[in-house]
Amino acid sequence: MFVVSAKNILPLVARSSASAPVAAAALRMYSSTSDGKFGEREKAAEDMYIRKAEAEKIKALHDRIEKAQKEMNAINDALKEIAPKKD
């Protein structure tokens, strides 16, 4: 049985930047534990900041994937030009 804990998750986060937003969200700690409207506002502000940071990371990953796909298409096109055609 695999037990999820910070000790198990942190090495995974270090190895893969793609899983970092998910793992970081699971380990998120809030600076304020007080109840009331101020605590709710602070938590909402922290959540908004984290969501924005995660969205930026996801966009960067999408850009990297798009760039890699373009490079792969260019390589495939080059291979088609130099590979002997089967007739």
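Before reading on, note that the structure itself is shown above.
As a starting point, this report considers the structure included with it. Just so it is clear, the model here is predicted, and its values are computed rather than measured.

1. A few points about the overall build of the protein
Argument step 1. Of the regular secondary structure elements, the protein holds three helices and zero strands.
Argument step 2. Counted from the first residue to the last, the protein has its helices and strands arranged as α-α-α.
Argument step 3. In the protein, buried positions account for 8% of the 87 residues.
Argument step 4. Summed over all atoms, the accessible surface of the protein reaches about 7,900 Å², with 62% contributed by carbon and sulfur.

2. Thoughts on the pattern of salt bridges
Argument step 1. Tallied over the entire structure, the rule returns four salt bridges.
Argument step 2. Of the charged contacts in the structure, one is a salt bridge between Glu 66 and Lys 70, with a shortest N-O distance of 3.9 Å. Within this pair, Glu 66 and its partner Lys 70 are both found in helix H3 (residues 37–82), separated by four residues, close to a single helical turn.

Criteria and cut-off values
- Residues numbered from 1 in each chain as written.
- Predicted model: local features only at pLDDT ≥ 70, side-chain atom pairs only at ≥ 80, totals over all residues.
- Heavy atoms only, no water.
- Helix = DSSP H or I, 4+ residues; strand = E, 2+ residues; numbered from the N terminus.
- Buried < 20%, exposed > 50% of the residue type's maximum accessible area, 1.4 Å probe, protein only.
- Areas by Shrake-Rupley, 256 points an atom, 1.4 Å probe, with all protein chains shown as cover.
- Salt bridge = Lys/Arg side-chain N within 4 Å of Asp/Glu carboxyl O.

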